[in-house]
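Residues per chain are reported as follows:
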Amino acid sequence: MYNKETEGMEQNSKGPEFTTSSSMKKGNTRGSYQSIQTHAQEETPGTCKILEKLGQDVPFIPSISMAPTKLVLHLLLLCFIAVNATQPPRTLHIPVIHRDAVFPPPKDATPRAAHRLRHAADDARYAALLESLDPTAHGGGRLHSPVVSGLPFHTGEYLSLLGVGTPPTPALVVIDTGSDLVWLQCKPCRHCYGQLTPLFDPRGSTTYRQTPCSSPRCQDDLQYPGCDGGGACNYVITYGDGSTTRGDIATDALVFSGDTRVDNVTLGCGHDNRGLFNSASGLLGLGRGKLSFSAQLAAAYGRVFAYCLGDRSPRVSTGGSSHLVFGRAPEPPSTAFTPLRANPRLPSLYYVDLAGFSVGGRRVTGFSSASLALDPATGRGGVVVDSGTAISRFAGDAYTAVRDAFDALAAAAGIRRLARTFSVFDACYDLNGTAMARVPSIVLHFAGGADMALPQANYFLPVGNETRRQYYCLGLQAAHEDLNVLGNVQQQRFHVVFDVEKGRIGFAPNGCT
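Bear in mind that the values here come from a model prediction, so they are computed numbers and not experimental data.

Examining the overall build of the protein
Within the protein one finds eleven helices and 30 strands. Counting across all 513 residues of the protein, residues that qualify as buried make up 58%. For the protein, long-range pairs separated by at least 24 residues make up 75% of all intrachain contacts whose partners lie at least 6 apart in sequence. In the structure as shown, the protein presents an accessible area of about 19,300 Å², 53% of it carried by carbon and sulfur atoms.

Notes on the sheet that holds strand E18 (residues 362-363)
Taken in spatial order, the four strands of this open sheet run E18-E17-E23-E24, and their pairing is antiparallel. Pairing within the sheet leaves two strands with one partner each, and these edge strands are E18 and strand E24 (451-454). Sheet topology places strand E17 (residues 354-359) next to strand E23 (residues 442-446); five bridges connect them, and they run antiparallel. If you follow Gly-356 over to E23, its bridge partner there is His-445. Here helix H10 (residues 396-412) sits on the sheet and contacts E17, E18 and E23; the angle it forms with E17, its principal contact strand, is near 15°.

A closer look at the state of the cysteines
Defined simply, a disulfide is a covalent bond joining two cysteines at their sulfur atoms. With the rule as written, the count across this model stands at six disulfides. Put simply, Cys-213 and Cys-227 are joined by a disulfide, and their sulfur atoms are 1.5 Å apart. Here the disulfide of Cys-213 and Cys-227 is right-handed, its torsion about the S-S bond being about 40°. Residue Cys-213 is located in the loop between strand E7 (209-210) and helix H7 (216-220), and its partner Cys-227 is located in strand E8 (residues 226-227); the two are separated by 14 residues in the primary sequence. The disulfide partner of Cys-428 is Cys-473, and the gap between their sulfur atoms is 2.0 Å.

Observations concerning the side chain of Asp-353
Locating Asp-353 in the fold gives a position in the loop between strand E16 (351-352) and E17. Of note is the side chain of Asp-353, whose polar atom sits 2.6 Å from the side chain of Arg-341. A polar contact is formed between the side chain of Asp-353 and the backbone nitrogen of Leu-374, at a distance of 2.9 Å. In this structure, Asp-353 is in contact with Thr-338, Arg-341, Leu-372, Ala-373, Leu-374, Gly-382, Phe-446 and Ala-447, ignoring residues within four places of it in sequence.

Things to note about the pairing of strand E15 (residues 336-339)
The side-chain alternation of E15 yields one buried face, formed by Ala-336 and Thr-338, and one unburied face, formed by Phe-337 and Pro-339. Both E15 and strand E30 (residues 504-508) contribute to a ladder of four bridges, which runs antiparallel. Opposite Pro-339, over in E30, you have Arg-504 as the bridge partner.

Considerations on the sheet that holds E30
Spatially, the six strands line up as an open sheet ordered E2-E14-E13-E29-E30-E15, and their pairing is antiparallel. Every interior strand has two partners, whereas the edge strands, strand E2 (92-95) and E15, have only one. Between one strand axis and the next, the sheet turns by 15° as a mean value, whatever way the strands run. Bridge count between E2 and strand E14 (residues 323-326): four bridges; the pairing is antiparallel. Along E14, the bridge assignment pairs Pro-95 with His-323.

Here we look at the pattern of salt bridges
This model, assessed by the stated rule, comprises 13 salt bridges. Between Asp-430 and Arg-416 there is a salt bridge whose closest N-O contact spans 3.2 Å. Placement of Asp-430 in strand E22 (residues 428-430) and of Arg-416 in strand E21 (residues 416-417) is noted, with a sequence separation of 14 residues between them. The partner of Asp-499 in a salt bridge is Arg-504, and the shortest N-O contact between them spans 3.1 Å. When sorted by exposure, Asp-499 lands in the same class as Arg-504, which is buried. It is possible to trace a salt-bridge network through shared partners that takes in Arg-328, Glu-331, Asp-499, Glu-501 and Arg-504.

As for the packing of aromatic side chains
Geometrically, a pair of aromatic rings is defined through the distance of the ring centres and the angle of the planes. Under the definition given, this model contains 17 aromatic pairs. Judged by centre distance (6.3 Å) and plane angle (90°), the rings of Phe-406 and Tyr-459 are edge-to-face. Of this pair, Phe-406 sits in helix H10 while Tyr-459 sits in the loop between E24 and strand E25 (460-463), and the two are 53 residues apart along the sequence. Each member of the pair, Phe-406 together with Tyr-459, is buried. Aromatic side chains Tyr-429 and Phe-460 sit 6.1 Å apart centroid to centroid with 40° between the ring planes, which places their arrangement in the tilted category. Placement of the pair is Tyr-429 in strand E22 and Phe-460 in strand E25, with a sequence separation of 31 residues.

With respect to unusual backbone geometry
The omega angle of the peptide bond from Thr-166 to Pro-167 is -5°, so this bond is cis rather than trans. One can find Pro-167 in the loop between strand E4 (158-164) and strand E5 (169-176). The omega angle of the peptide bond from Lys-187 to Pro-188 is -10°, so this bond is cis rather than trans. Note that Pro-188 resides in the loop between strand E6 (183-185) and E7. Positive phi, close to 60°, is recorded for Asn-264, a residue that is not glycine. Topologically, Asn-264 is positioned in strand E11 (residues 261-274).

Observations concerning H10
Between its first and last C-alpha, H10 extends 24 Å over 17 residues, near the 24 Å set by a 1.5 Å rise per residue. Here H10 has its buried residues at Ala-398, Tyr-399, Ala-401, Val-402, Arg-403, Phe-406, Asp-407, Leu-409 and Ala-410. Positive phi appears at Gly-414, one or two residues downstream of H10, with a value of about 85°.

Here's the deal with the confidence of the model for the protein
Within the protein, residue pLDDT values average 75, and 66% of them lie at 70 or more. This stretch, residues 20-69, has a pLDDT under 50; its non-local contacts, to residues over four places away or in other chains, come to 84 contacts. Across residues 313-319, confidence stays below pLDDT 50; counting only partners more than four residues off in sequence or on other chains, it has 16 contacts.

Scoring rules and cut-offs
- Residues numbered from 1 in each chain as written.
- Predicted model: local features only at pLDDT ≥ 70, side-chain atom pairs only at ≥ 80, totals over all residues.
- Heavy atoms only, no water.
- Helix = DSSP H or I, 4+ residues; strand = E, 2+ residues; numbered from the N terminus.
- Buried < 20%, exposed > 50% of the residue type's maximum accessible area, 1.4 Å probe, protein only.
- Contact = heavy atoms within 4.5 Å.
- Areas by Shrake-Rupley, 256 points an atom, 1.4 Å probe, with all protein chains shown as cover.
- Pairing = 2+ DSSP bridges.
- Axes fitted to C-alpha atoms, helices over the stretch in contact; angles between N-to-C directions.
- Disulfide = S-S within 2.5 Å.
- Polar contact = N/O pair within 3.5 Å; in protein donor to acceptor, adjacent residues only side chain to side chain.
- Salt bridge = Lys/Arg side-chain N within 4 Å of Asp/Glu carboxyl O.
- Phe/Tyr/Trp six-rings, centres within 6.5 Å; stacked < 30°, edge-to-face > 60°.
- Expected span 1.5 Å × (residues − 1).
- pLDDT = per-residue confidence, 0-100.

Quick look at the structure:
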């Protein structure tokens, strides 16, 4: 999610078009990419299986002689070019990997320091989102958009590799359900930060087209269209920490694993990018707005997509890999749906209503459920389902009630609460030989009867310390001013369906298989 300002626009009137390798071979319009792809198929069997292993078991990477970041990126690139589709897919399936596999914490960072860095980043992201709810916070004619992104904040995010242009340049992008615009760094750079993949040069793409300022997309579809002296449509995005990206609005082709090619995708080509963007090439916006990639795919795949975000914890084997899928696919029988809500103040975000909690099989009481339901008139309440925020936050009285219920049952089970806190977590414990099976369970109850029973790894989180003893904390936080967020840590290993067509969001456990 991001706190953005977007001046600029979308695709041409034809909209995105789709091809796969079976149709592209006839015209050979991708030039050298086809020969690279064929060679990779012959020389690198099983690479995507290795990628799946990386996604679920990152700790084995440092044992390999190649530098971890370069190794993972190398395998991502091979997986990207190795898979070949023989017929147009009914769904678009995109592999996803957690950023820790690509951008691991510094080797000299202590566990506590790494926790503090990530939690401070997550707090910064949340604070920027909270600011966007306050209409008095933005004045002086400054463009301000009501979404924030974790991209500048070095927080827990998931990334995917795609190709941009013809022939395609690989780009490692953050997937973000709270963003609309797809953007990436482009040559020539007035100012660009360092990134792992090559910079995209639109001058080398035969399918790149700038969007004119006179385009209806530029003039009508965004609140603040921008134009340069040459008549091209421009955009500016300003993040909550002051980081910015600005450049041209254009259309070009995106190519995904499986060799599915989507032409005429509207994107931002950023020539001036400043701030803490942490080596990713850009962002793949999956929000509810007209500029989002999910909206641009609607003609081919409908307004429905799903993801499963693999567990980042080394102590858990997921038995599957992270992925993002566009299009309507058979849903797991265990999928539970809750109504999708719309917040006029934050229209790009995916809101649901939360009815309550259970801890240890008992319904939690002692808080007002009103703060967990969206009030469209004020923009308060409700729960944002977000791919970029790491830790879930719930209204203060609700969080306190859940924490106290958990604490009481943990004490009854012989689990000792620590006097100290760890970073943002204020309820931490020493198991000291107590079996994990005695840790109280937590279930989230959403409107419409949808229940989300969290695995222990999604809420009872290990925290580092300078001793050999392992401690755990209740991995939730208190929200501010009723801005509740369901973070990606609590979504781990769930198949999460964003079904805009039917106005619902679904959750199914063990969804990464």
